[in-house]
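# Notes for the structure review
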Amino acid sequence: PVDPPQEKINTLINMYYSGQMSKTEQACQELLQTYPKSLVILNLQGASFYGQGKLREAVESYNKAIQIKPDYAETYSNRGVAFQELGQLKEALEDYNKAIQIKPDYAEAYSNRGNALKELGQLKESVESYNKAIRIKPDYAEAFSNRGNAFQELGQPEKAVESYNKAIRIKPDYAEAYYNRGLTLKQLGQVKEAVESYNKAIRIKPDHAEAYSNRGNALKQLGHIKEAVESYNKAIQIKPDYAEAYYNRGSALKELGQLKEAVKSYNKAIRIKPDYAGAYSNRGNALKQLGHIKEAVASYNKAIRIKPDYAEAYSNRGNTLKELGQLKEAVESYNKAIRIKPDYAEAYSNRGVAFKELGQLKEAVESYTKAIQIKPDHAEAYSNRGNAFQELGQLKKAVESYNTAIRIKPDYADAYYNLGNAFQELGRPKEALESYNKAIQIKPDCEEAYSNRGNALKELGQLKEAVESYNKAILIKPDCAEAYYNLSSTKKYKPQDTQIGIIKNLFECSAPNGTDRRHLSFTLAKAYDDIGEYDKSFDYLKEGNRLRKKELNYNIDNDRRLFARIKDVFSAGNLAPDVIPDRKRPIQPIFILGMPRSGTSLVEQILASHTKVHGAGELNIMANLVNSILPNLPDQNPNQGGREWQNEITTLGDAYLKALEELKIPEKIITDKMPLNFRYIGFILSALPEAKIVHLNRDPKATCWSIYKQSFSSQGNGYAYDMNDLAEFFKLYIDLMSFWREQFPNRIYDLCYENLTENQEEETRKLLMYCDLEWDEQCLYFHKTERAVKTASAVQVREKMYKGSSEAWRKYEEYLQPLTKKLINLKCENSD
C-alpha cells in the first residue's frame, strides 16, 4: 500500500494539531521509510517542517509530493505558503496559480494568492483574488479579514472595516479580525471604537501582545496616558522582547513627565532591537527635556547612522543644537531634514527660529513662509514670522502675521503676547494692553505678559496699575528678572527694602552670561544708587553693561563705516533746495533727534501738549527707508546719479509721509522723536525740505552717563555698554552734526537741554516759534498731558521740569575717568 493504515495517519494528525511539530516530523520520517510515496505523510512532514520554521525542508518535502503526484493542488498551495514565508513571492504566486488551475474552486489557494499579491504591492489584484475565494466559500472568515488588510493598504479604511465586520460575523471569536479592525478604526479617527475592538481581541486571545500595545497607542491618543502605560506593561509581560511596546511605553512616560523612566524604556527597546532608529530619536527628545543636551545629540546621531534618511531625527537634532547655541550646525541639520522631506513644515519653521537667532532675519522670514506654504494652518510659523518681521522693523507685516496666527488658533496666548509687543513698538499702547490682557485670560500664569503689560500701562501714565502688573509677574514667577528690572524704573528703593536682598540672591544664582543676570545687574545698580551705595551700584552696572555688550556683539567699526558712508554720499554739497518749495503736504513732520537720553522725550512731551501736535514717539520709519537705499547710492558726488538720485529722494519722502498717514492720526503736525535719526538729517532735509529738525544737545558727560546706566530694550544702541565705545560714538555724533550744519546751514534747530530746564518758558517759546506754532500755555504743563510715552523717560515726563539732572554723573566721577577724559572739550551747542 502507498499510505500507512488510517489509525496511524489519525495519530499523526492529532500530534500535529496538538502542536508537537518535532515529534510529528520524526514520526513522518520513520513512516516514509516504509511508505516513501505517501502523499499524506509527505504533506504532513512539510507542514511539521513549516511549523518549526524549517522552510527549505518544507519545500523539499512538498517537492517530493509533487513529483509523485504533479496534479495535487493542495501540495502546490502548501509549498506556495512556504515560498511566501521565505520571501520568494514570485515562486509562491506560481504555485498558487498552479493549484487554482488544477482545482478552480480552491478557495484557500485564491486567499493565499491574495496574500502574495498584497506583499508584492499588487493590492487591487489581491482584492480580486480574495473576492474569488469569498464567492467560492461565502463563509470564509480569513479571506474577509485578509481582504480588509488589502483595503487598508489601498487607503480604503471604510471598506476595510466592512470586510473585518463580515469576518467577525462569520467567526465571532476571530481575534486577529478584531485586532486589525482596531488598527483601522484608529486610522479613521474612531479611537474609542478602536479601543473596544482591541478589548474584544484581548478577551478572545488574552496573550495578544500586539493588541495590548496598540490599545496603549489608542488610549494615549485619547489622553488616558496612565491606562496606556498599563496596556504597554501587559504587552511586555506577555512578550518580554517586544521592542515596539517598550518604545511606545517610553513615549507615554515622556508625556507623563516621567523622563528618566522614559529613557529606561527606550533603552530596553534599543537593547532588544539595536537598530531601532525611532527609539534612539525619541530617547534624544527625552534626554533633551532632562537637560542632557550632549547625550541627546549623540542619540540623534545614532538614529541617523542607522537610518540616514530619518528627517525627523535631523530636525530634532537641529532643535538640540540650537539649544546648545550651535546655530549654524542647527541650520545644517534642518537643511538635511528638508532635503530628505521637502514638505517638512516643522523643519522649515524651526530653521526659521535658528536663522532669527543668527540675526539672519530675511532668511528666517523665507523659512517661516515656506512652512506656511506647506501647512497653511501653521499658527506657530505665523507667530514666529511675526517676530522676525518685528525685528526687521516691518511692524505692519508683523501685526498681520500675529493676527493670522490668532485666527487659526484663537487660544494662542503667545501670539496675543507677541501682538502686544508689536503694538507697543508701533506706539499703540492701548491696543498692546488689550492684547496682553487677552494673553493673560488664556494663560493666567504668563508672567511675560504681565511684565510687558506693566510697560504699556507705564507708557499710558497709569503708574499704579503698572506697578501692580509687575508685581503680579513676580508673584507668578518669583525669579522673573525682567519684571524686577521693569519695576525698578517706577520706584525709589529705600535701605530697608526687602526686595533688594531677594534680587541679590537671584543674581548670585543666575547663569554667568544669561539675560536674567543682565536684568538683575541693572536692577541692583538702580537700587543701590537710590540708597546711596554708589560703589556697589557701579559694580553691578559695569557687569550689566559687560553682559549686554557680549550679547549684542557690538563693534564700533561698523558705526564708523556707516557714518563715513553717509558723509561720502553728501560730501558734494547741500541736496535740499535753498528755498522750501511752496507745496502743501498733508502732514508736517517735526524730527526731534540727538543722542539718546539727551532730552528728546521731554521736548516731544512739550510739543505734544500743543493742541495741534501729535507725539508719535520713536518711529523706525526713516531708518528703514534710508537703509533700503543707502547701499545703492553713489559715493562722493550724489549728483552723478542725476534723475535717479532725485527719484530715490522723492520716493523716500513720499514713503515716509504715507507711513505717517497710515497711523491715522487726526493732527497734521506729527513729531518723530527717534534720537538716532540725527544720522539721516541729510536724507530728511533732501526728501522733506519742509520738515523741522529739533536737535537736542546736553552736557556730554551727563548724556553718556545717562546712556551707560540704561539697558535699552532695542538692539540699536550697541555702543552704549562700553565706555570706550560710548565715547567714540559720541565723537562720531559730534562730527556728523558739524557736517550737517555745514551742509544745511540754518536748517537745524539746536536746543540745549540744560538751558531748557533752567529757562523753561523762554526756551519753550523759542521752540514753538521755530516749529511755526502759536503759543500754547499747556506746553508749560507738559507733565499733565495724557499720552503714551514709550521710552526710558516715561516716568520722568510725568513730572515737573527737573533742574540739575545733568550733574548726577558726578557721584560716579572716579569710575567714569575712561569716559570723561575722552569727552573733554566737547560742548553743547545752542541755536540763537
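Residues numbered from 1 in each chain as written. Predicted model: local features only at pLDDT ≥ 70, side-chain atom pairs only at ≥ 80, totals over all residues. Heavy atoms only, no water.

## Side note on the overall build of the protein
Just so we agree on the cut-off: Secondary structure elements are defined from DSSP: runs of H or I of at least 4 residues count as helices, runs of E of at least 2 residues count as strands, and each element is numbered from the N terminus. Radius of gyration here uses only the C-alpha atoms, and the compact-globule reference equals 2.2 Å multiplied by the residue count raised to the power 0.38. A 1.4 Å probe rolled over the protein chains alone gives each residue an accessible area, and that area as a share of the maximum for its type sets the label: buried under 20%, exposed over 50%, partly exposed in between.
Looking only at helices and strands, one finds 42 helices and five strands in the protein. Taking 28 Å as the expected radius of gyration for a compact globule of 832 residues, we find that the protein reaches 39 Å, considerably beyond that expectation. Along the longest, intermediate and shortest principal axes, the C-alpha atoms of the protein span 135 × 65 × 40 Å. Counting the 832 residues in the protein, one finds 54% classified as buried.

## Concerning the nonpolar core
Applied cut-off: We define a nonpolar core as any set of buried Ala, Val, Leu, Ile, Met, Phe, Trp, Tyr and Cys residues linked to one another through side-chain atoms lying within 4.5 Å. Two residues form a contact once any of their heavy atoms are found within 4.5 Å.
Leu 607, Phe 678, Phe 683, Val 694 and Trp 740 are the most contacted members of the largest nonpolar core, which totals 227 residues. Per element, the largest residue contribution to this core is 11 residues, and it comes from helix α39 (residues 723-743). Apart from residues no more than four positions distant in its own chain, Phe 678 is found in contact with Phe 563, Leu 593, Gly 594, Met 595, Phe 729, Tyr 733, Leu 736, Met 737 and Trp 740. Formed by 25 residues, the second largest nonpolar core is a distinct cluster that contains Met 21, Val 59, Tyr 62 and Leu 117.

## Structural notes on the packing of aromatic side chains
The geometry of an aromatic ring pair is captured by the separation of the ring centres together with the interplanar angle, meaning the angle of the planes. What counts is decided by this rule: The criterion for an aromatic pair is that two Phe, Tyr or Trp rings (for Trp, the six-membered ring) have centres within 6.5 Å, with stacked assigned to planes under 30 degrees apart, edge-to-face to planes over 60 apart and tilted to the rest.
In this structure the tally under the stated criterion is 27 aromatic pairs. Ring geometry for Phe 538 versus Tyr 815: centroids 4.7 Å apart, planes at 15°, classification stacked. Highlighted residues: Phe 538 in helix α32 (residues 534-552) and Tyr 815 in the loop between α41 (760-770) and α42 (817-820), separated in sequence by 277 residues. According to the relative accessible area criterion, Phe 538 is buried, its value standing at 4%. Ring geometry for Phe 570 and Trp 740: centres 5.3 Å apart, planes at 80°, overall edge-to-face.

## Here's the deal with a positive patch on the surface
Worth spelling out the cut-off: Patch criteria: residues need more than 30% relative accessible area and no salt bridge. Like-charged residues are merged within 9 Å; nonpolar side chains of Val, Leu, Ile, Met, Phe, Trp and Tyr are merged within 5 Å. Using a 1.4 Å probe, accessible areas were evaluated by the Shrake-Rupley method; residue-level cover was limited to the displayed protein chains. Salt bridge, as used here: a side-chain nitrogen of Lys or Arg that lies within 4 Å of a carboxyl oxygen of Asp or Glu. Note on charges: Lys and Arg go in the positive column, Asp and Glu in the negative column, and His and the chain ends are not counted at all. Where a charge sits is defined by one atom per residue type, namely NZ (Lys), CZ (Arg), CG (Asp) or CD (Glu).
Taken together, the side chains of Lys 260, Lys 264, Lys 268 and Arg 271 define a basic patch exposed on the protein surface. Structurally, Lys 268 can be placed in helix α16 (residues 259-272). Overall, the relative accessible area of 34% leaves Lys 268 in the partly exposed class.

## Section: helix α6 (residues 89-102)
Rule in force here: Multiplying 1.5 Å by the helix residue count minus one yields the expected span of that helix. Along the arc lie the directions from the helix axis toward the C-beta atoms.
When the terminal C-alpha atoms of α6 are compared, their 20 Å separation across 14 residues agrees well with the 20 Å that a helix rising 1.5 Å per residue should span. Along α6, the residues classified as buried are Leu 89, Ala 92, Leu 93, Asp 95, Tyr 96, Ala 99 and Ile 100. Looking straight down α6, one finds that the buried residues subtend no more than 160° of arc, so they occupy a single side. Away from the buried face of α6 by more than 90 degrees, exposed residues Lys 90, Glu 94 and Gln 101 are located. Residues of α6 that are buried in the fold lie against α5 (73-85) and α7 (107-119).

## Details of helix α25 (residues 413-425)
Here α25 contains 13 residues, and its C-alpha end-to-end distance of 19 Å stays within 8% of the 18 Å for a straight helix at 1.5 Å per residue. Downstream of α25 by a residue or two, Gly 427 has a phi angle that is positive, lying close to 75°.

## Regarding the sheet that holds strand β3 (residues 669-672)
Stated precisely, the cut-off is as follows: Should DSSP find at least two bridges between two strands, the strands are taken to pair. Between the N-to-C directions of two axes lies an angle of 0 to 180 degrees, each axis being a line fitted to C-alpha atoms and, for a helix, fitted only over the stretch in contact.
If you trace the five strands from one edge of the open sheet to the other, you get β2-β3-β1-β4-β5, paired in parallel fashion. The open sheet has two edge strands with one neighbour each: β2 (613-615) and β5 (748-752). The sheet shows a mean angle of 25° between the axes of neighbouring strands, direction not considered. Judged from the five bridges that link them, strand β1 (residues 588-594) and strand β4 (residues 692-697) form a sheet pairing that is parallel. Its bridge partner lying in β4, Phe 591 is registered against Ile 693. Across the sheet, α41 touches β4 and β5, and the angle it forms with β5 is around 165°.

## Description of the pairing of β1
Most of β1 is tucked away, with six of its seven residues classed as buried. As judged from the four bridges shared by β1 and β3, these two strands associate in the parallel manner. In the sheet register, Phe 591 faces β3, and the bridge partner there is Asp 672.

## Details of the pairing of β5
The two faces of the sheet receive side chains in turn, since in a regular strand these alternate between them. Across the five residues that make up β5, a large majority, five, are buried. Residues Ile 748, Asp 750 and Cys 752 of β5 are buried on one face, and the alternating residues Tyr 749 and Leu 751, pointing to the opposite face, are buried as well. Where β4 and β5 come together, five bridges link them in parallel fashion. Paired with Val 694 across the two strands is Tyr 749, which belongs to β5.

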